[in-house]
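Here are the chains, one letter per residue:
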Amino acid sequence: MKKWASWQVFFIGIGFLFIMMAPQTDSPYVFIIGGLVIVLLGVIILKKGARKERRKQGKW
C-alpha cells in the first residue's frame, strides 16, 4: 500500500486540532482562521496529489 497522502492528512488533522482548541484561547478567531487555512492547504495539496497519482496510473 502506497502512503502518498500521509503528510496531507497530517496537515488536515493539525488544522482541525487548531480549530478544536480555539475556544480555550483568548483570541479564538485567529486560531479558527489559522486552522481553516491549514485544512484548506492540506485539501488542495491532497487533490493535486490525487490528480498526479491518477495521471501516473493512466486513469485520467
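In case you missed it, the structure is sitting above this.
Residue indices begin from 1 for each chain and proceed along its sequence in written order. For a predicted model such as this one, the threshold for reporting local features is a pLDDT of at least 70, and the threshold for listing and counting side-chain atom pairs is 80 or more; totals across whole chains, interfaces and linings nevertheless cover every residue. Each side-chain value is worked out from all heavy atoms of the structure, with water and hydrogens disregarded.

### Considering the overall build of the protein
A count of helices and strands for the protein gives two helices and zero strands. By the compact-globule yardstick of 10 Å for 60 residues, the protein is too spread out, its C-alpha radius of gyration being 15 Å. Oriented by its inertia axes, the alpha-carbon framework of the protein measures out at about 50 × 20 × 10 Å. Looking at the protein as a whole, 18% of its 60 residues are labelled buried. Restricting to contacts in the protein with at least 6 residues of sequence separation, those with at least 24 account for 53%. Where accessible areas are quoted, they stem from the Shrake-Rupley method and a 1.4 Å probe; at the residue level, only the protein chains shown are allowed to cover. Carbon and sulfur atoms provide 70% of the accessible area of the protein, an area that totals close to 5200 Å². Numbered from the N terminus, helices here are DSSP runs of H or I no shorter than four residues, and strands are runs of E no shorter than two. Radius of gyration here uses only the C-alpha atoms, and the compact-globule reference equals 2.2 Å multiplied by the residue count raised to the power 0.38. The buried label applies to any residue whose accessible area, calculated with a 1.4 Å probe on protein chains only, is under 20% of its type's maximum; exposed applies above 50%, and partly exposed to all values in between. Note on contacts: a residue pair qualifies if any of its non-hydrogen atoms lie within 4.5 Å across the two residues.

### Re a positive patch on the surface
A cluster of basic side chains, namely Lys47, Lys48, Arg51, Lys52, Arg54, Arg55 and Lys56, defines a positive patch on the protein surface. In this structure, Arg54 sits in helix H2 (residues 28–57). Each patch is assembled from residues with relative accessible area greater than 30% and no salt bridge, linking like charges that lie within 9 Å and nonpolar side chains (Val, Leu, Ile, Met, Phe, Trp, Tyr) that lie within 5 Å. The salt bridge definition used is simple: a Lys or Arg side-chain nitrogen within 4 Å of an Asp or Glu carboxyl oxygen. The charge count treats Lys and Arg as positive and Asp and Glu as negative. His and the chain ends do not count. Every charge is mapped to an atom, namely NZ of Lys, CZ of Arg, CG of Asp or CD of Glu.

### Structural notes on a nonpolar patch on the surface
A surface patch of nonpolar side chains, amounting to about 580 Å² of accessible area, comprises Leu17, Phe18, Met20, Met21, Val30 and Phe31. Here Phe18 is to be found in helix H1 (residues 6–21).

### Some details on H2
A helix is expected to span 1.5 Å for every residue after the first. The first and last C-alpha atoms of H2 sit 43 Å apart over 30 residues, in line with the 44 Å expected at 1.5 Å per residue. All of the buried residues in H2 are Gly35, Val39, Gly42, Gly49, Ala50 and Glu53. Summarising the contacts, the buried residues of H2 are in contact with H1. Trailing H2 by a residue or two, Gly58 shows a phi angle of about 80°, which is positive.

### Some details on H1
The end-to-end C-alpha distance of H1, which contains 16 residues, comes to 23 Å, matching closely the 22 Å that a straight helix rising 1.5 Å per residue would cover. Burial in H1 covers these residues: Gln8, Ile12 and Gly15. For H1, the angular spread of the buried residues around the axis is 60°, confining them to a single face. Along H1, exposed side chains directed more than 90 degrees from the buried face belong to Trp7, Val9 and Met20. Regarding the arc, it is the one traced by the directions from the helix axis to the C-beta atoms.

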